[in-house]
Amino acid sequence: MSVNHQIPDYDLDETIVLTAPVQLRAVADDLRSTLLELVLERAATVTEMAQAVGRPKSTVAYHVNLLVDAGLLKVVRTHRVRAIEERYYGRVARTIYIGALSSPDDIATVSSVDGVATAYRESRAAHETDDLRCTLVHARIPVEEVRDFWAEVQALARRFAQIPRSGDQVHGFVAGLYPTDAPTLPERTQPTDADRP
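These lines cover the structure that appears in this document, whether it is placed above or below. Since the model is a prediction, treat every value here as computed from it, not as a measurement.

Description of the pattern of salt bridges
For the structure on display, the rule yields five salt bridges. Between Glu 85 and Arg 80 there is a salt bridge; the shortest N-O distance is 3.8 Å. Residue class for Glu 85 comes out partly exposed when judged on its relative accessible area of 41%. On the basis of relative accessible area, Arg 80 is assigned to the exposed category, the value being 52%.

Below is the structure:
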């Protein structure tokens, strides 16, 4: 008998781009974001999710229904227990992108979903106990290289999400790539001694 080590344990698209206000509102809630993260590990019932987050089943069911209505969660399988059919929910896509935001209301809605803000909030305790691994590097590179490098970062994030689950601690991984106004050296106008043969 073979063991399925696929994470999560159901099929899903690689990416979804959110642009609809109902989708942005759906992910702009901390509990709903947590539920989306939970089912990235494996499909789960409302009861299992409620146990994981320590919230009433009715509350979790309400938020799960909002995520289903927004097209972010779906029923990936069912299981009949006596006369009750349990639904197992999964994400529609492994990676959720926030698409182009067209209005100030959209920007305000999605600001609470901002990965950097979430990572900052989550990592403060690790920073205080000197258990935070972080790096910041600047490089002046062309846009084509930015796209290629970001594709590699996304592949690394997918690999991180595929690591088999074990242990007692959940770890976060955040990555960002953004233009800055960091200074750059001017172009050389005269050859230097190092340039001469």
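Side note on the packing of aromatic side chains
In this structure the tally under the stated criterion is one aromatic pair. Cation over ring: Arg 77 sits above Tyr 88, and NZ or CZ is 5.3 Å from the ring centre.

Re the packing of helix α2 (residues 30–38) against helix α4 (residues 57–69)
Where α2 meets α4, the axes come as close as 10 Å, and the angle between the chain directions of the two elements is 75 degrees. The angle between α2 and α4 places the two elements in the roughly perpendicular class. Taking contact as the criterion, the partners of Leu 31, Arg 32, Leu 35 and Leu 36 in α2 are, on α4, Thr 59, Val 60, His 63, Val 64, Leu 66 and Leu 67. Across the contact of α2 with α4, the residue classes break down as seven nonpolar, two polar and one charged.

Points about helix α3 (residues 46–53)
Those residues of α3 lying buried are Val 46, Met 49 and Ala 50. Take α3 and look down its axis: the buried residues cluster within an arc of 100 degrees, on one side only. Turned more than 90 degrees away from the buried face of α3, the exposed residues are Gln 51 and Ala 52. If you follow the buried residues of α3, they end up packed against α2, α4 and β3 (84–91). Trailing α3 by a residue or two, Gly 54 shows a phi angle of about 65 degrees, which is positive.

Considerations on the packing of α3 against α4
Packing of α3 against α4 brings their axes to within 9 Å, and their N-to-C directions diverge by 115 degrees. Considering their axes alone, α3 and α4 lie roughly perpendicular with respect to each other. Handedness of the α3/α4 crossing: right-handed. Contacts between α3 and α4 involve Val 46, Thr 47, Met 49, Ala 50 and Val 53 from the former and Lys 57, Val 60, Ala 61 and Val 64 from the latter.

Rules and cut-offs
- The numbering scheme is per chain: residues are counted from 1 as the chain's sequence reads.
- Local features in this predicted model are restricted to residues of pLDDT 70 or higher, and side-chain atom pairs are both shown and tallied only at a pLDDT of 80 or more, whereas totals for entire chains, interfaces and linings draw on every residue.
- Based on all heavy atoms of the structure, the side-chain values leave hydrogens and waters out of the count.
- The term salt bridge refers to a side-chain nitrogen of Lys or Arg lying within 4 Å of a carboxyl oxygen of Asp or Glu.
- Buried residues are those whose accessible area, probed at 1.4 Å on protein chains only, stays under 20% of the maximum for their type, while exposed residues exceed 50% and partly exposed ones sit between those limits.
- Each Phe, Tyr or Trp ring (for Trp, its six-membered ring) is paired with any other whose centre lies within 6.5 Å, and the angle between the two planes then decides the class: stacked below 30 degrees, edge-to-face above 60, tilted in between.
- Should the NZ of a Lys or the CZ of an Arg lie within 6 Å of a ring centre and within 35 degrees of the ring normal, that charge is described as sitting over the ring.
- The axes used here are C-alpha line fits, helices contributing only the stretch in contact, and every angle between their N-to-C directions lies in the interval 0 to 180 degrees.
- Secondary structure elements are taken from DSSP: a helix is a run of H or I of four residues or more, a strand is a run of E of two residues or more, and numbering for both begins at the N terminus.
- Note that the term roughly parallel is reserved for angles under 35 degrees, roughly antiparallel for angles over 145, roughly perpendicular for angles of 65 to 115, and oblique for everything else.
- By the convention used here, residues are in contact when the closest approach between their heavy atoms is within 4.5 Å.
- Any residue that is not Ala, Val, Leu, Ile, Met, Phe, Trp, Tyr, Cys, Pro, Asp, Glu, Lys or Arg is counted as polar, Gly included; the first ten are nonpolar and the last four charged.
- For this quantity, the arc is that covered by the directions from the helix axis to the C-beta atoms.
- A clockwise turn of the near helix away from the far one marks a right-handed crossing, whereas an anticlockwise turn of less than a right angle marks a left-handed crossing.

What is shown is where atoms sit, not what they do.
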